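# Overview (structure and organization)
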Amino acid sequence: MDAKELKFRKKLGAKIQEMRQKRNLTQTDLSALLGFKDYQSLARIENGRVTTSIYNIYIISLALECTIQDLFEDI
């Protein structure tokens, strides 16, 4: 993994976290809405430790009631 990818993953994760917090959702709350088995999967996405699929980004946007474009804004 190169530095650009890591920077991108961290920015995307931070944006997801920001939007989750604006909706007063915990990681556990959002993870349940997404159908993740536990909050740690979401925590790894928010911390930029994993690359997630476009499908996960899509369901995250639905759960957060935003567009995919909103998640990528300012990245």
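Remember, predicted model here, so these are calculated numbers, not experimental data.

### Comments concerning the overall build of the protein chain
- Scanning the protein chain from N- to C-terminus turns up five helices and zero strands.
- Along the protein chain, from the amino end to the carboxyl end, the secondary structure elements read α-α-α-α-α.
- What you see for the protein chain is a C-alpha radius of gyration of 11 Å, in line with the 11 Å of a compact globule of 75 residues.
- In terms of overall dimensions, the protein chain has C-alpha extents of about 30 × 25 × 20 Å along its principal axes.
- Taken across its 75 residues, the protein chain has 39% of its residues classed as buried.
- Relative to all contacts within the protein chain whose residues are 6 or more apart in sequence, the contacts with residues 24 or more apart total 58%.
- Counting only carbon and sulfur atoms, one obtains 51% of the accessible surface of the protein chain, whose full area is about 4,900 Å².
- The positive charge centre, built from 12 side chains, and the negative charge centre, built from 10, are 6 Å apart in the protein chain.

### Overview of helix 4 (residues 54-63)
- Residues N56, I57, I59, I60, S61 and A63 constitute the buried set of helix 4.
- Elements in contact with the buried residues of helix 4: helix 1 (3-22), helix 2 (27-34), helix 3 (39-46) and helix 5 (68-72).
- One or two residues past the end of helix 4 sits E65, with phi positive at roughly 55 degrees.

### Quick look at the nonpolar core
- The biggest cluster of nonpolar side chains holds 16 residues, and the ones touching the most others in it are I16, L30, L34, I60, L64 and L71.
- Broken down by secondary-structure element, the contributors of at least two residues to this core are helix 1, helix 2, helix 3 and helix 4.
- Here this core gets four residues from one element, more than from any other, and that element is helix 4.
- Beyond its immediate sequence surroundings of up to four residues, I60 is in contact with I16, L34, I45 and L71.

Cut-offs and rules
Counting restarts for each chain, with residues numbered from 1 along the sequence as it is written. Totals for whole chains, interfaces and linings use every residue, but because this is a predicted model, local features are given only for residues with pLDDT of at least 70 and side-chain atom pairs only at 80 or more, for both listing and counting. Side-chain metrics in this entry use all non-hydrogen atoms of the structure; hydrogen atoms and water are not considered. Secondary structure is summarised from DSSP: a helix means a run of H or I of at least four residues, a strand means a run of E of at least two, and numbering begins at the N terminus for each. Taken over C-alpha atoms, the radius of gyration is set against a globule rule of 2.2 Å times the number of residues to the power 0.38. The buried label goes to any residue with under 20% of its type's maximum accessible area, the exposed label to any with over 50%, and the partly exposed label to all in between, with areas taken from a 1.4 Å probe on protein chains only. Any two residues whose heavy atoms approach within 4.5 Å at even a single point are treated as in contact. Here the accessible surface of atoms and residues is derived via Shrake-Rupley with a 1.4 Å probe, and residues count as covered only by protein chains that are part of the display. Within this scheme the basic residues Lys and Arg register as positive and the acidic residues Asp and Glu register as negative, but His and the chain ends are omitted. We put the charge of a Lys on NZ, of an Arg on CZ, of an Asp on CG and of a Glu on CD. To qualify as a nonpolar core, a set must consist of buried Ala, Val, Leu, Ile, Met, Phe, Trp, Tyr and Cys residues joined through side-chain atoms within 4.5 Å.

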